[in-house]
Amino acid sequence: MKRICTPINSQTVQDLHVGDKIEVYGIILTGRDAALPKLVDSINKGQCFDDLEGSVIMHTAVSDAGISPTTSNKEEIEESIPCLAKSGVKIHIGKGSLGDSTVKLLDKYESIFAVTPPAAALLSSRIISRKVVAFENEGMESIHLLEVRGIPCIVAAAHGKAIY
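Nothing here was measured: the structure is a model prediction, and the numbers come from that model.

K.L.:
Quick one: what's the story with the nonpolar core, residue by residue and with numbers?
P.N.:
One broad trend across soluble globular proteins is that nonpolar side chains are buried collectively. With 22 residues, the main nonpolar core has I22, V24 and I91 as its most contacted residues. Within the residue set of this core, elements represented by two or more residues are strand 2 (21-31), strand 3 (55-59), strand 4 (89-94), strand 5 (112-115) and strand 7 (143-158). Examining the composition of this core, we find that 6 residues originate from one element, strand 7, more than from any other. Each residue touching V24, except ones within four places of it in the same chain, is listed here: I4, T6, V56, I93, V148, R149, G150, I151 and C153. Core analysis: the next-biggest nonpolar cluster, separate from the first, contains 15 residues, A35, L36, I57 and L145 among them.

K.L.:
Hey, could you go over the pairing of strand 3 for me, with residue numbers and the actual values?
P.N.:
For strand 3, the buried fraction is high: 5 of the 5 residues fall into the buried class. Of the two faces of strand 3, the one carrying S55, I57 and H59 and the one carrying V56 and M58 are both buried. Across 4 bridges, the pairing between strand 3 and strand 4 is parallel. Of the residues in strand 4, the one forming a bridge with V56 is I91.

K.L.:
A description of the packing of aromatic side chains should follow, citing residues and the corresponding values.
P.N.:
Overall, the coordinates contain 0 aromatic pairs when judged by the stated rule. Residue placement shows R3 over the ring face of Y25; its charged tip is 3.7 Å from the ring centre.

K.L.:
Let's hear about the side chain of T60: which residues, and what values?
P.N.:
As for its position among the elements, T60 is in the loop between strand 3 and helix 3 (75-78). Reaching out from T60, the side chain makes a polar contact with the backbone oxygen of S68 at a distance of 2.7 Å. If sequence neighbours within four positions are ignored, T60 has contacts with T30, G31, R32, I67, S68, P69 and T70.

K.L.:
Outline a nonpolar patch on the surface, supporting the account with residue identities and numerical values.
P.N.:
A contiguous nonpolar patch, built from V18, I154, I163 and Y164 and spanning about 360 Å² of accessible area, is present on the exposed surface. Along the chain, I154 turns up in strand 7. The class of I154 is partly exposed, set by a relative accessible area of 33%.

K.L.:
So what about helix 2 (residues 35-44)? Which residues, and what values?
P.N.:
Those residues of helix 2 that fall on the buried side of the exposure criterion are A35, L36, L39, V40, S42 and I43. One side of helix 2 carries all its buried residues, which in axial view fall inside an arc of 160°. The inward-facing, buried residues of helix 2 contact strand 2, strand 3, helix 3, helix 4 (81-86) and strand 7. Of the residues trailing helix 2, G46 is marked for its positive phi of about 75°.

K.L.:
Now, about the pairing of strand 2: what can you tell me, with residues and values included?
P.N.:
Most of strand 2 is tucked away, with 9 of its 11 residues classed as buried. The sheet contact formed by strand 1 (residues 2-5) and strand 2 spans 4 bridges and is parallel. Residue pairing across strands places K2 opposite I22, the latter belonging to strand 2. Alignment of strand 2 against strand 3, held across 3 bridges, turns out to be parallel. Within strand 3, the position partnered with L29 by the bridge is I57.

Conventions adopted
- Residues numbered from 1 in each chain as written.
- Predicted model: local features only at pLDDT ≥ 70, side-chain atom pairs only at ≥ 80, totals over all residues.
- Heavy atoms only, no water.
- Core = buried A, V, L, I, M, F, W, Y, C linked by side-chain atoms within 4.5 Å.
- Buried < 20%, exposed > 50% of the residue type's maximum accessible area, 1.4 Å probe, protein only.
- Helix = DSSP H or I, 4+ residues; strand = E, 2+ residues; numbered from the N terminus.
- Contact = heavy atoms within 4.5 Å.
- Pairing = 2+ DSSP bridges.
- Phe/Tyr/Trp six-rings, centres within 6.5 Å; stacked < 30°, edge-to-face > 60°.
- Lys NZ or Arg CZ within 6 Å of the ring centre and 35° of its normal.
- Polar contact = N/O pair within 3.5 Å; in protein donor to acceptor, adjacent residues only side chain to side chain.
- Patch = residues over 30% accessible without salt bridge, like charges linked within 9 Å, V, L, I, M, F, W, Y side chains within 5 Å.
- Areas by Shrake-Rupley, 256 points an atom, 1.4 Å probe, with all protein chains shown as cover.
- Salt bridge = Lys/Arg side-chain N within 4 Å of Asp/Glu carboxyl O.
- Arc of directions from axis to C-beta.

Just distances and angles here, no functional claims.
Put into structure tokens, the structure is as follows:
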């Protein structure tokens, strides 16, 4: 198991390969179908709320019941991945497969996709703190900033290759 701490640099991404088991420590962002297209729109308008360089984003909602990944190949999410990667997101965490074109764009922008188990109790136990940082009106699907310790993942797409 490789320990990955945020923020993440390009060398860390280069050292990760499809099938690697990792644990993510530090600050991650979250978002789902409702908020991620809004985040992309904000980036395209030059209104992004924060510098995304070296960041991690998990495709999930955040509620008192916890967190668990949503399917990443939904149109609203998969279409946000290239823009977010271009903006500096180094690791996208979710579940499911991604399209070939998305896998290639991840490589172009030195970013990877990792899957995590849909086990809310396990993942929620790894959250140290949380706060809403954008699109609060989206409720549990708003963009949250989480401080986490050891979110377990498997690298599912890296360097133009995918596990699927």
